[in-house]
Amino acid sequence: MTLKIKRYPFYVGITTLIVTIVVILTGLFLWISHRESKAAAIQMADRLFSEINEKVLERYESELESVAVLVGTAARMPAMATLPVGGGMSYPGLPLMLEALSYYGYLFSLYTGYNDGSFIQVVAVRDKAELRRLFDAPVGTAYVLRSISVDADGNLKQRWHFLNRQRQITGTRADLDPGYDPRVRPWFLRAQEEEAAFFTEPYIYSSTKLPGITCAEKLIYGDGVFGADITLNRFAISLERQKVSDNGMLFLFDRAGRIIAHPTQDPIRAGKNETLSILTGAESDDPRVRAIVAEYQGNPVDRLNRTLEMQIDGVAYLVRSTALNAALRFDQILASVAPVSDFTGHIRRMQQRVFLFSGLVLLVLLPLSLLVSRKILGSLTQLELESRKIRRRDFSKSVLHDSSVKEIHSLTQAFILMKSTIRDYTARLIQAKQDIERLFTAVTELIAGTIDAKSPYTGGHCKRVPEVARMLATAAHASKAGPFADFRMASEDQWREFNVAAWLHDCGKLTTPEYVVDKATKLETIYNRIHEIRMRFEVLLRDAEIDACRQRLAGGADEATLAAELEKVRKQIAEDFAFVAECNVGGEVMADEKIDRLERIAALTWTRHLDDRLGISQDEATLKNRQPAATLPVVEHLLADKPEHIIPRTDPDPFDGNTHGFNMIVPENQYNLGELYNLSIRKGTLSTEDRFKINEHIIQTILMLKRLPFPDNMKHVPDIAGSHHETMIGTGYPRGLKKEEMSVPARIMAIADIFEALTAADRPYKKPKTVSEALRIMSTMRNDQHIDADLFDLFLKSEVYRDYAEQFLDPGQIDRVDISQYLSTEVMEVEH
């Protein structure tokens, strides 16, 4: 017979526990508040003031630092050295100035003044009525563009344009602020003496008569100064919005005691000659300001960053003063002030209520808490121990103690079920993870195999590079001493990340056309265009023979002379074609005399009688139709660079915004198929456009991999895979990285890629190198700092090259190697 255990709601136990805690905290509160209510209020005020001051100063300093960074960046931009022309709309720095004003709402204006008196300024009106009135600007004005530039007569002319939010001109003025000369402004004069961005003392702006400050810096690449304005009312508005307490406030003053910003009182008075008269603390109508500034000036060191109690007109106040970051060179102090009563009044009232209530609560709850806590403590402790086991991923079966509390009983049963479910789910999850990893590995290897199969010029490159990379990484991981003593790839995730990067290091080659990669001759595209040129030589030969026959028929010419002349022409045509064909092969360097001869041959002409726009594709027709068709018959050069040979770049931004720091020079055109242009290639068969298209594969590799949502444990795959064409001194591509900017796995990939490429036997365009030949070439690259010297030494000393050769190279390539010839000088000196 099963005993029926009486169960009751769990809330009884929870309520008892909570009440017990409340009683204890109440007693502590009464005791503490009775003794230290005022100290608690000061501490509370100290935290509040500290947080408020820190928040306000952080906002001020962030704004000022942002302005300083903006000014410093603009001053280092070559485009800012360009003088404004006309109305300034073509000024190269204008987009930056507009974007900065749009982004930083606290900026009033940005401008550049030049040593010749030229000036360009953009004021952020933001369609505010009070600012529009200053410039008499039309409704909808977002920006005011002011330029002073040299006109056609060599005189400085000032122009004002009003721009809407779409940055279109909606109006102009020419009579604002006449006679303005930036060279005599205080910010311009001081910039000649400063080495970095600085902030001026407050002064009156010339065109608006508003008070404000300026951050300025001298241009690095030109004779001028870049500046940014912030009006002083920006600080006052911010202080007014920040609430300290019911009767508290914030104000800003400098170390000289002048009031810079006050939430209710305007301390700024315009003086003569665009100077400012600023109220001092002693002149303020606010007694709090007078007392706080006087106290600070009497003892400035002890009054900063501390919350102090002050008696002002018989009222106790709490005050905290905090200085702005000295690095900003903006020497001001923020003061927070509030009556002590704002922080202690509620404490006194609460003490009275809590004291009365706590006695009653203690009498009722203490006996009950003792009874209930004994009931629930055992089962809860057991459940807590089980939760720890789950955190340790220990899902072994356990026997849990039951409880007479209904909710704890239900919780125990649910806990047992949850633990069993988690155990089963974890097993399935692990299996699913393994299946996904196997699938991902298979897809990765499938992509690499596709790249290798795409062109015989890459062969099994993507399959073999991971092997040699893994061998070298293993050697580095196993190092106990030397440069890689601290290098470890200790986790399975690190090896998986490295393996995926190795397999996908050339995935960008999927975007490279085969006919570019496989370009065996200079005139080759999807076919070798030397055949077209040979037919033109054939036409020249036929024309010469026809001309000779006509002279015979006309009579009067010596037969032997005609035959000799024809034979001479035949020989010259044959020699010229043979020379062109030799140039097409690209086997030798094209010297200047060869290019001169090529140009002479290209100047020869032949006559075309048929329309070359018949039977062509739509793309070819589009290229040819950029020029009108010639009237037939037409005389054309034997070798030509025609407009239709230029294939424009369809993607003007192959770097996809270049957020990854690519520094490769992008050719203007996608391809240039010009016959003379390609035949004149100095070395090899690739033009500048062809070479960029091939090298672009590494850019595409990085872009493709960056788009994949790799988890955190594989986030370095794009950087490892995309750095194998970089060098140790920043001369590589696509980002010009240096050794210290690349991880060890990334530098390993470079050595693996080069060694495999040199020894590969499945590439039709070259004979594979022997092991010693490959190591000799790589040692030269090491000397030129193209590859990591330490890794190459490890590659030699650990005999990774030999392990790889025995598995993947033909026996004929494996020759005797004396690594002492290839080790770096430092290693040789240590070993001897």
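It should be noted that the structure appears before, not after, this text.
Being a predicted model, the structure only gives us computed values, none of them experimental. (Residues numbered from 1 in each chain as written. Predicted model: local features only at pLDDT ≥ 70, side-chain atom pairs only at ≥ 80, totals over all residues. Heavy atoms only, no water.)

(A) Region of the structure containing the overall build of the protein chain. Of regular secondary structure, the protein chain possesses 23 helices and 20 strands. When the accessible area of the protein chain is evaluated, it comes to approximately 44000 Å², of which 56% is carbon and sulfur surface. (Helix = DSSP H or I, 4+ residues; strand = E, 2+ residues; numbered from the N terminus. Areas by Shrake-Rupley, 256 points an atom, 1.4 Å probe, with all protein chains shown as cover.)

(B) Broad picture of the pattern of salt bridges. Evaluated as defined, the whole model comprises 36 salt bridges. As a salt-bridge pair, R682 and D592 come within 2.7 Å of each other at their nearest N and O atoms. Of the two residues, R682 is situated in the loop between α16 (675-679) and α17 (688-707) and D592 in helix α14 (residues 592-602); the sequence distance between them amounts to 90 residues. The class for R682 is partly exposed, based on a relative accessible area of 43%. The partly exposed category is assigned to D592, whose relative accessible area is 46%. Through salt bridges with shared partners, a single network forms among R608, D612, K624, E636, K642 and E644. (Salt bridge = Lys/Arg side-chain N within 4 Å of Asp/Glu carboxyl O. Buried < 20%, exposed > 50% of the residue type's maximum accessible area, 1.4 Å probe, protein only.)

(C) Inspection of the nonpolar core at higher detail. Core analysis: the largest hydrophobic core is formed by 52 residues, its most contacted members being V67, L107, L110, V122, F226, F235 and L252. The element best represented in this core is helix α1 (residues 10-75), accounting for 12 residues. Excluding residues within four positions of it along the chain, L107 makes contact with V67, L70, A100, L101, A124, R126, A228, D229 and I230. Core analysis: the next-biggest nonpolar cluster, separate from the first, contains 49 residues, V465, F710, V800 and V817 among them. (Core = buried A, V, L, I, M, F, W, Y, C linked by side-chain atoms within 4.5 Å. Contact = heavy atoms within 4.5 Å.)

(D) A look at the pairing of strand β10 (residues 249-254). Among the six residues in β10, six count as buried, and that is most of the element. The two faces of β10 match: M249, F251 and F253 on one face and L250, L252 and D254 on the other face are all buried. In this sheet, strand β16 (residues 332-339) lies alongside β10 in antiparallel orientation, the contact comprising six bridges. Among the inter-strand pairings, F251 is bridged to a residue of β16, identified as A335. Between β10 and strand β11 (residues 259-261), which follow one another and run antiparallel, lie four residues, and G257 among them has a positive phi close to 90°. (Pairing = 2+ DSSP bridges.)

(E) View of helix α22 (residues 800-808). All of the buried residues in α22 are V800, Y801, Y804 and A805. Projected down its long axis, α22 shows its buried positions confined to an angular sector of 130°, all on one face. In α22, the exposed residues that point more than 90 degrees away from the buried face are E806 and Q807. Buried-residue contacts for α22 involve α9 (461-477), α19 (744-759), α20 (771-783) and α21 (789-797). (Arc of directions from axis to C-beta.)

(F) Examining the side chain of S680 more closely. As for its placement among the helices and strands, S680 is situated in the loop between α16 and α17. A distance of 2.7 Å separates a polar atom in the side chain of S680 from the backbone oxygen of L676. Once residues within four sequence positions are removed from consideration, S680 is found in contact with I595 and L598. (Polar contact = N/O pair within 3.5 Å; in protein donor to acceptor, adjacent residues only side chain to side chain.)

(G) Just the pairing of strand β18 (residues 634-637), in detail. The two faces of β18 differ: V634 and E636 on one face are buried, but V635 and H637 on the other face are not. With four bridges connecting them, strand β17 (residues 605-608) and β18 associate as antiparallel partners. Bridging from a neighbouring strand, T605 pairs with H637 of β18.

(H) Structural view of the packing of α9 against helix α10 (residues 492-503). Close contact between α9 and α10 brings their axes to 8 Å; oriented N to C, the two are set at 145°. The two elements α9 and α10 cross, and the hand of that crossing is right-handed. Contact residues: α9 offers C462, K463, P466, A469, R470, A473, T474 and H477, while α10 offers W495, F498, N499, A502 and W503. Looking at side-chain class alone, the contact of α9 with α10 contains eight nonpolar, three polar and two charged residues. (Axes fitted to C-alpha atoms, helices over the stretch in contact; angles between N-to-C directions. Left-handed = near helix turned anticlockwise from the far one by under 90°. Nonpolar A, V, L, I, M, F, W, Y, C, P; charged D, E, K, R; others polar.)

(I) Representation of the sheet that holds β16 within the structure. As summarised here, the arrangement of the five strands in space is β11-β10-β16-β15-β14, forming an open sheet in which the pairing is antiparallel. The sheet is open, and its two edges are formed by β11 and β14 (307-312), each paired on a single side. The average undirected angle you get between the axes of adjacent strands in this sheet is 35°. Packing against the sheet, helix α6 (residues 287-298) makes contact with β10, β11, β14, β15 (315-323) and β16, and its axis sits at approximately 45° to β10.

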